[in-house]
Amino acid sequence: MIEREQVLHVARLARLRLSEQEVETMVGELSGILDHVDRIGNLDLEGVEPTSHVVALENVLRADEPRPSLPRDVALAPAPEPQDGAFRAPSPQAE
Amino acid sequence: MTDLLALTALEAHEAMVAGDLDAGEYTAAWREAAAGDELNAYLWRDEGGEEAGAIAVERDCIAPIAVKDIFCTEGVPTTAGSRILEGYRPPYTSTAVRKLLEAGAPVLGKTNMDEFAMGSSNENSAYGPVLNPWDRGRVPGGSSGGSAAVVAGGLAPWAIGTDTGGSIRQPAAFCGIVGLKPTYGAISRYGMIAFASSLDQCGPLTRTVSDAALLLGILQGKDPCDSTSVGLEGGVALPGREDLSGLRFGVPAELGHDEYDSGVRAVFEATLEKIEELGGEIAEVSLPSSEHGISAYYVIAPAEASSNLARYDGVRYGMRAGGDGDLIEMYETTRSEGFGAEVKRRIMLGTYALSSGYYEAYYGQAQKVRTRIAEDFEGAFSGVDFVVTPTAPSVAFGLGEKTDDPLAMYLNDFFTVPMSLAGIPAISIPAGLAEPEGGGPQLPVGFQIAAPAFAEQRLLDAAHALEQGIGFDARPEGLGG
Amino acid sequence: MAELEAVIGLEIHVQLATKTKMFCGCELSFGDEPNVHTCPICLAHPGVLPVPNEQAIRYALQIGAALNCEIAPRSIFHRKNYFYPDSPKAYQISQYDIPICGAGRLGDVRIHRAHLEEDAAKMIHVGESGRIHGSGASLVDFNRGGTPLVEIVTEPDLRGAAEAANWARLLRETVRQLGVSDVNMEEGSLRVDANVSVRPAGSEELGTKTELKNMNSFRFLQRGVEAELARQRELVEAGGTVEQETLHFDPASGSLTSLRLKEEAHDYRYFPEPDLVPLAPTAEMLREACESLPELPVARIARYEEMGLAHDVALTLATGPETADYFERTAAAADGVEAKVVGNWVTGELAAALRQANAEGGAASSKVSPESLAALVALVQAKKISHGSGKTVLGIMVAEGGDPAAIVEREGLAQMSDSGELEAIVEKAMADNPDAVEKIREGNGKAIGAIVGAVMRETKGRADGGEVNRLIQEKL
Ligand SMILES: [Mg+2]
Ligand SMILES: [Zn+2]
């Protein structure tokens, strides 16, 4: 079960703006999914090691050797509105 | 050469190497076939336009291939089925595609998919659903639906896709072809647009098990650009095995009949008999934690996805909307307009599962379930060589049938998710046809075989023997067979 | 109300001086054109993956060894999720519950932890810049984005602003001598944040802390902490309570302004980075880290104090290893002379002479060899020449080098041995200053200076001050 307030908070965290309609459906759908998922909440997994990785590797490192960077025009080509050789984003100040 | 398109990729390769088949002519025939796509399976095709140069091969000698639009290809549109990457042309090429090009396989085109590989029906593509070549009123499965459809629909000799919770195996089953999810780490993930990093794995979608082996041999390998890649020691040999004598196949005791359609069950049981005919042995194994696979998967995958998809922020590439407001306004407008409903749903789910106060209850607990599931398989493999299940609970369902019930859609991955969580290899081969629940023309049913990590060779050998024994030769209407 | 005690902890970000970035092969640089050192990885294009820089790991282990940290046998990377244009992936790859370096100590301050992470890109805020709409913008330069960082976090062991600044100086010098970073605060390769709180003296629990950022010099660090301590003391003494917040120090006005962050911005949703495998430093890596350590300031200071040097002299030497080695060679060459005296000459007279001649570089690169300085100090100690003449000779040595004995000879600066000659000069000086003589007789000791001065002028400083005094007293 998830509350409307939680949905709005999570949407802010995820930088998603949800329409009134989306919030409604999201509350219903997420609650349904979470009800199913909550089953694992009741399992007793005391002392079980969590798995964040299935590969048994360690210390996979890279030598400190320079590799060619992208030409600046290539790096900026896909940018929405480059300016003065830089990527441009709206100012956070305007909050 | 009578019908070039009738050749399997392996046959074509051998003919080209022997000089009996002209690579240019063969590739041209496939380009022509691909151009006839009526399934909305291709998002981009190489028509020898300016993009083609960007992905030119050294020498043709491997059959041309269709590539899921999740693999970055320098200079070629790469969208991952999302509006937010519309028009994006990566400045680099993924390791998987580079290996194909180096081996001499021209890229026919980029295939349609569920947005960011999130889906089991291909209805989550921002560019419209892919139609199932067996019945255009039905879904091809997902998320690699385009790759499965082009192979089944005669629009490509073979294809690559990605599998996070079943995204190769389930569409292969729905389309009546072979789909292999290799061991996590067998193939580099570099340049493969991330959905859930600890689960994503590239793999082949082919007509035959031998084609899958040939393709896996080309793709596998440790990659210095992917810290988590391992490769397959000794590479991959073409499967030669003819029978299954001495091999034990485990059927999970937990496989309750209510989880899948009767038509699917009939094919599954017939296949078990076929295994015994071929000298194999059927045993019961226990995978007690598998029933929690879906729950664990739908915490872990969305959690990783919520972080992986945070980079689509309208600053460096891709779509930007609301750029005239302040920063947060731009972020929210871009992401709200750029992502589809399913992607937003999973970002929300994953963000929630990681948010303070909920991490242990959801992500932490799911990681422990994951450990249990892996332990279940280890236990099972101490007694059997393989674990077998149906690939999907049903045959291909109708377009729009499950779109308004996300949970029902998620439960479709019931049989494929546990192997993904355990990181082990699993293959789906076409095992027969079955009538959908509620009637209609017969549709393909997939049979899933799972093996211990890095046991791909044994898996392919056994799958090949079973494939020969089954002799599945049905083809969608209009494609002969 | 009990006296309020300052409780200060520091968080120091050290940019590592590797050739390439933490997770990609782009070259590191400072002051280049924007966005000329970027690639799909550090621009976070779809599908890219990080691979850690081995040299960064080795540097982190060296820092850990220098700070006496426990090294984690196995540490992992986490993702710290937050949206900001300087963070291209919208998460920073950092370390969370298992940092590579655990508890340690430098001087009197305990180290809580030191972990590896990647630096953010540089943002420049611009105005309208010719745009008809919008509310100003940020231009993002990703050259710096992905630079390897070691973040060092201390325990709240510091009790004052000056103490904090001095400890930070010691840390900077320690890291500088490791050669793993440029530690340049102006260029941002060393960044110090301070966690400041106050509590009744003697109390055990910690008060609410505020975090001070952007103090890009040790002076500003001290001023910033002083300002914040004053603010908190005033607040608490007036019965108010300190609120947890991040404060931005403005060097110009010396004032602190609060950075109000959206409350959810603090939920970083840390989780283990699935694209990276664990770090498990090998025995070889650990051995190399320890063996690569030079003698660090803390150890040097202790050793020099053993040798009898005053703390400030020891500190001055320890913060300049080249000069310190020069001092040690000089002390070794000057047998029969206390190391304390040699230390004073190196940090005192020689440093002054070099400054006066504004000579490039320090003692080690000067024309004065340790051996010749040792010889000079020995001459003065043996009263062969007066201290004043010693400085004159040193000035000449700084200018043209050479052997002090020869210079003394050439300039005729040898102390007057023939007391007959000196006696005559003293008598003349007394005769020339009758009123001074008169004052002395009346018991005004100071007046003797006038006569001694006259003698020194006459002898060009070659006379031994003690001897002159004795003769004057004798003549009275
Ligand atoms: Mg930090
Ligand atoms: Zn880079």
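As a reminder, the structure under discussion sits directly above these lines.
Residues numbered from 1 in each chain as written. Chains lettered and ligands numbered in written order. Predicted model: local features only at pLDDT ≥ 70, side-chain atom pairs only at ≥ 80, totals over all residues. Heavy atoms only, no water.

**Student:** I would appreciate a short explanation of the packing of aromatic side chains in the present structure.
**Tutor:** Given two aromatic rings, one states the distance between the centres and the angle between the planes to describe the pair. If you walk through the whole model with that rule in mind, you get 28 aromatic pairs over all chains. Judged by centre distance (6.4 Å) and plane angle (90 degrees), the ring pair of B:Y312 and B:F339 falls under edge-to-face. With a gap of 27 residues between them, B:Y312 in the loop between α9 (293-308) and α10 (327-338) and B:F339 in the loop between α10 and α11 (341-354) connect regions that are remote in the sequence. Taking the relative accessible area as the measure of exposure, B:F339 reaches 4% and is therefore buried. B:R458 extends its terminal NZ or CZ atom over the ring of B:F386, reaching a point 5.8 Å from the ring centre. We note C:K80 situated over the ring of C:Y268; from NZ or CZ to the ring centre the distance is 4.5 Å. (Phe/Tyr/Trp six-rings, centres within 6.5 Å; stacked < 30°, edge-to-face > 60°. Helix = DSSP H or I, 4+ residues; strand = E, 2+ residues; numbered from the N terminus. Buried < 20%, exposed > 50% of the residue type's maximum accessible area, 1.4 Å probe, protein only. Lys NZ or Arg CZ within 6 Å of the ring centre and 35° of its normal.)

**Student:** When you look at the pairing of strand β11 (residues 443-450) of chain B in this model, what are you seeing that I'm missing?
**Tutor:** As a general feature of sheets, a regular strand has side chains that alternate between the two faces. Residues and elements named next belong to chain B. Counting buried residues in β11 gives eight out of eight residues, a clear majority hidden from the surface. Relative to β11, strand β10 (residues 426-434) is paired through eight bridges, and the arrangement is antiparallel. Note that in β11 the partner of I429 across the bridge is F447. (Pairing = 2+ DSSP bridges.)

**Student:** Would you mind showing me how to read the nonpolar core here?
**Tutor:** For soluble globular proteins, nonpolar side chains are generally found buried alongside one another. B:F116, B:I160, B:I427, B:F447 and B:I449 are the most contacted members of the largest nonpolar core, which totals 189 residues. Here B:F447 is in contact with B:F268, B:T271, B:L272, B:I275, B:V388, B:T389, B:T391, B:I427, B:S428, B:I429, B:A431 and B:L466, once residues within four sequence places are set aside. Ranked by size, the runner-up nonpolar core spans 64 residues in total, among them C:I63, C:A165, C:V196 and C:F218. (Core = buried A, V, L, I, M, F, W, Y, C linked by side-chain atoms within 4.5 Å. Contact = heavy atoms within 4.5 Å.)

**Student:** Before we go on, may I ask you to explain the coordination of the zinc ion (ligand 2) in this structure?
**Tutor:** The expected angle between donors at a tetrahedral four-coordinate metal is 109.5 degrees. At an octahedral six-coordinate metal it is 90 or 180 degrees. Residue and element names in this part refer to chain C. Within the protein, C24 (SG), C26 (SG), C39 (SG) and C42 (SG) serve as the donor atoms for the zinc ion (ligand 2), at 2.3 to 2.4 Å. Here the zinc ion (ligand 2) binds four donor atoms, and the angle range of 102 to 114 degrees at the metal identifies the geometry as tetrahedral. In the primary sequence, the donor residues of the zinc ion (ligand 2) line up as C-x1-C-x12-C-x2-C. On the basis of relative accessibility, which here comes to 3%, the residue C24 falls in the buried class. (Donors = N, O, S within 2.8 Å, 3.2 Å for Na, K, Ca; no water. Tetrahedral: all angles 85-135°; square planar, octahedral: opposite > 155°, others 65-115°.)

**Student:** How do you make sense of the interface of chain B and chain A when you look at a structure like this?
**Tutor:** When the parts come together, some accessible area is lost, and that loss is often what is quoted as the size of the interface. Every contact between the two is made by 57 residues of chain B and, on the other side, 52 residues of chain A. For the pairing of chain B and chain A, the buried interface totals around 5,000 Å² over both sides, and the portion due to carbon and sulfur atoms is 67%. Contact with chain A buries area across many residues of chain B, yet B:M348, B:Y352 and B:K368 alone supply 13% of it, more than any other trio. Ionic pairing is found between A:E81 and B:R320, a salt bridge with its closest N-O pair at 2.5 Å. Those elements that provide at least two residues to the side of chain B that touches chain A are α9, α10, α11, α12 (360-381), α13 (406-411) and α14 (417-422) of chain B. (Buried area = accessible area lost by both parts, 1.4 Å probe. Salt bridge = Lys/Arg side-chain N within 4 Å of Asp/Glu carboxyl O.)

**Student:** I tried to follow the coordination of the magnesium ion (ligand 1) on my own but got confused; where do I start?
**Tutor:** Residues and elements named next belong to chain C. In the first shell of the magnesium ion (ligand 1), the protein supplies H13 (NE2), E117 (OE) and E151 (OE), at 2.1 to 2.5 Å from the metal. On the basis of relative accessible area, E117 is assigned to the buried category, the value being 4%. The buried category is assigned to E151, whose relative accessible area is 10%.

**Student:** Is there a simple way to think about the interface of chain A and chain C in this case?
**Tutor:** Contacts between the two partners involve 37 residues from chain A, matched on the other side by 59 residues from chain C. Roughly 3,800 Å² of surface becomes buried between chain A and chain C when both sides are summed, with 56% attributable to carbon and sulfur atoms. Linking chain A with chain C are two salt bridges. A salt bridge links A:R72 to C:E33; its shortest N-O distance comes to 3.6 Å. Inspection of the region where chain A meets chain C yields 22 residue pairs in polar contact (both at pLDDT 80 or more). Taken together, the elements giving at least two residues each to the side of chain A that touches chain C come down to α1 (4-13), α3 (72-76) and β1 (87-90) of chain A. Here the side of chain A that touches chain C gets four residues from one element, more than from any other, and that element is β1(A). Partitioning the side of chain A that touches chain C into residue classes produces 16 nonpolar, nine polar and twelve charged. (Polar contact = N/O pair within 3.5 Å; in protein donor to acceptor, adjacent residues only side chain to side chain. Nonpolar A, V, L, I, M, F, W, Y, C, P; charged D, E, K, R; others polar.)

**Student:** Can you help me understand the sheet that holds strand β13 (residues 271-272) of chain C in this one?
**Tutor:** Each strand in a sheet pairs with its neighbour through backbone hydrogen bonds, running either in the same direction (parallel) or in the opposite one (antiparallel). All names here are of chain C. Strand order in this open sheet of three strands is β3-β2-β13, and the pairing throughout is antiparallel. Across the chains shown, the open sheet's two edge strands, defined by having one partner strand only, are β3 (91-94) and β13. Sheet topology places strand β2 (residues 78-81) next to β13; two bridges connect them, and they run antiparallel. The partner of H78 across the bridge, within β13, is P272.

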